[in-house]
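If you want the building blocks of each chain, they are given just below.
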Amino acid sequence: MINVIIYPVRKDWQEIIRRPVVENVSLEKTVRRILEKVKAKGDKAIRKYTKEFDGVKLKKLEVSEKEINAAEKLITKELKDAIQQAKSNIEKFHSAQLEEIKIIETMPGINCWRRSVGIEKVGLYIPGGSAPLFSTVLMLAIPASIAGCKEIVLCSPPSKDGTINPGILYAAKLCGVTKIFKAGGVQAIAAMAYGTETIPKVFKIFGPGNQYVTTAKQLVQQESVAIDMPAGPSEVLVIADDSAVTEFVAADLLSQAEHGADSQVLLVTSSRLLIDNVIAELEKQLMQLKRKELAEKALSNSKIILVNSIDEAMELSNLYAPEHLILSCNDAERLVNKIVSAGSVFIGNYSPESAGDYASGTNHTLPTNGYAAMYSGVSIDSFVKKITFQQLTKEGLENIGETVMQMAIAEGLDAHKNAVAIRLKK
C-alpha cells in the first residue's frame with residue numbers, strides 16, 4: 001500500500017523524495033488547443049467545452065443575483081456559522097499583514113517610501129466536482145478584499161444541473177466577490193487570461209486545480225497574465241517520533257491522500273515501532289473514507305522513511321520542501337528554527353493540517369512540488385503591487401548629485417548625468 005524505506009543513505013535521498021512524474025507533452029498540446037479556441041471564440045468556446053467536459057448546456061455564463069441569494073437558503077445554519085467563524089479568523093490573520101507606509105530619509109533632503117496598491121482585477125479559480133472547495137473562496141477572496149482589489153472575478157465548473165455549489169456561492173457573496181461565472185478547467189483559465197464577451201480579463205489568476213488547470217496557468221503566464229505560484233498535486237510530510245499518536249499521524253496522511261490519486265504523503269520517523277502501527281491504522285481508517293479509491297492510489301505514490309534521528313528527518317524535509325509539514329514529535333518547538341523550506345507548518349500533536357485548510361487563519365493556497373524552496377503561500381502580498389516613491393529637495397539633490405553623476409559617467413550614460421547636472425546649475 002505504501003512504500004517503506006529503512007535508513008536510506010544520503011546519496012539516495014534526492015531519488016527517494018522525487019515526486020510522481022506527469023507526462024507533459026500530450027497534456028500541454030491539449031491545453032494549448034483549448035486556450036487558443038477560447039482566445040479566438042470567446043463565450044462560444046466556453047459553452048462548447050462546458051458541454052463537452054461538464055455535461056451541461058448553459059444559456060448564461062454569469063451567475064445571477066437570484067441564484068446567489070437562493071444558494072444561501074440551501075446551506076444549513078451550522079455550515080453558515082462554520083464559514084463565518086473561518087472568515088473571521090482568516091480576516092484577523094491577513095489584516096495584520098497590511099503594512100504602514102514608512103518614509104525613510106536616506107540622506108538630508110531625500111525621502112523614500114513604498115506603498116502597497118491592490119491589483120485592480122484578479123481572477124479566482126475554484127474547483128467543483130466531487131470536492132467543491134468553498135474554503136478556497138475564503139482563502140482567496142478575503143485577502144483580495146483586504147488588499148483593495150476592485151474587481152474579484154470567480155470561475156467554477158457547474159454541476160450537471162447547471163448550478164454552482166451553494167457553499168461556493170455563499171462564501172463568494174460573504175467575502176466580496178464581484179462577479180461569478182460558470183466555467184471550469186482550462187477554459188476558465190483562458191477566459192480570465194484573455195477575456196471573453198462575458199468574462200472579463202484579469203491581471204492575476206489564483207487558485208488550485210488539476211494538472212490541466214495547472215498547465216493552463218503556467219502557459220497563460222507566459223503571455224498575458226500573472227499567476228499566484230507554480231503548483232502541483234497536494235502533499236504533506238509528517239515528522240514523527242515515539243511520542244506521536246498513531247491515529248493522528250494516519251489521519252493526517254489520509255487527509256492529504258484523499259485529495260487525489262496524484263497526491264503524495266510522506267512520513268519521516270525515527271521510530272521503527274511507529275511504522276508498523278501507522279500502516280495498520282492507515283488500513284483501518286482507509287476503509288471509512290468515501291474517497292477510499294483515490295486515497296489508495298495516492299498512498300501507492302507515497303513513502304514512510306525510517307531515519308536515525310529527528311534532526312536527520314529535518315534535513316530530509318528541507319530537501320523535499322513540502323507544501324504541508326507536520327511536527328508530531330517531542331520538543332517540536334525546538335525544530336521550528338531548523339525549517340527553511342515548507343509551505344505551512346503544523347506544530348505538535350494537536351495541530352492537524354485540516355485546521356489550516358479551513359479555519360485557523362493561515363492561508364491554504366501553498367506552493368507544492370518542491371516550490372516551497374523558493375515560493376511563499378498566498379498572502380496579502382500576493383494581491384498587491386508595491387510602488388516605490390522618492391522626493392528630493394534641492395539640498396537633497398546637491399547632497400547626492402556628485403555620486404549619481406560619477407556613476408552615470410562610469411556607465412557611459414551622459415543623459416543620466418545631465419539630468420542631475422542641469423538641475424544643480426539652477
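The rules behind each value
Residues numbered from 1 in each chain as written. Predicted model: local features only at pLDDT ≥ 70, side-chain atom pairs only at ≥ 80, totals over all residues. Heavy atoms only, no water. Phe/Tyr/Trp six-rings, centres within 6.5 Å; stacked < 30°, edge-to-face > 60°. Helix = DSSP H or I, 4+ residues; strand = E, 2+ residues; numbered from the N terminus. Buried < 20%, exposed > 50% of the residue type's maximum accessible area, 1.4 Å probe, protein only. Lys NZ or Arg CZ within 6 Å of the ring centre and 35° of its normal. Pairing = 2+ DSSP bridges. Contact = heavy atoms within 4.5 Å. Polar contact = N/O pair within 3.5 Å; in protein donor to acceptor, adjacent residues only side chain to side chain. Core = buried A, V, L, I, M, F, W, Y, C linked by side-chain atoms within 4.5 Å.

Draft legend 1. Main features of the packing of aromatic side chains. Summed over all chains, the structure comprises five aromatic pairs. Seen in terms of ring centroids, tryptophan 113 and phenylalanine 389 are 5.6 Å apart; in terms of plane orientation they differ by 5 degrees. Their pairing is stacked. In this pair, tryptophan 113 is assigned in strand β3 (residues 110–118) and phenylalanine 389 in strand β14 (residues 384–392), connecting sequence segments 276 residues apart. By relative accessible area, phenylalanine 389 is classed as partly exposed at 25%. Both rings, one in tyrosine 371 and one in tyrosine 375, keep their centres 5.8 Å apart while their planes meet at 80 degrees; by these two values the pair is edge-to-face. Look at tyrosine 375 and you get partly exposed, because its relative accessible area is 37%. Taking NZ or CZ as reference, arginine 19 lies 3.6 Å from the ring centre of tyrosine 320, over its face.

Draft legend 2. Local environment of the sheet that holds strand β4 (residues 121–125). The five strands lie next to each other as β6-β5-β4-β7-β8, forming an open sheet whose pairing is parallel. Edge positions in the open sheet fall to β6 (179–182) and β8 (226–227), since each of these has one partner strand only.

Draft legend 3. Structural detail: helix α9 (residues 211–220). Most of α9 is tucked away, with seven of its 10 residues classed as buried. Along its buried surface, α9 packs onto α2 (25–41), β4, α8 (185–194), β7 (204–206) and β8. For α9, the side-chain oxygen to backbone nitrogen distance between the N-cap and tyrosine 212 is 3.0 Å, and the N-cap itself is asparagine 210.

Draft legend 4. Up close: the nonpolar core. Core analysis: the biggest nonpolar cluster contains 37 residues, and Val122, Leu124, Ile180 and Phe383 have the highest contact counts within it. Within the residue set of this core, elements represented by two or more residues are α4 (65–73), α5 (77–95), β4, α6 (134–147), β5 (151–156) and α7 (166–174). Here this core gets eight residues from one element, more than from any other, and that element is α6. With residues near it in sequence (within four places) discarded, leucine 124 still touches Leu140, Ala141, Ile152, Val153, Leu154, Cys155, Val177, Met192, Phe206 and Phe383. Counting residues in hydrophobic clusters, the runner-up holds 32 residues, among them Val56, Cys155, Met192 and Ile199.

Purely geometric numbers; function is a separate question.
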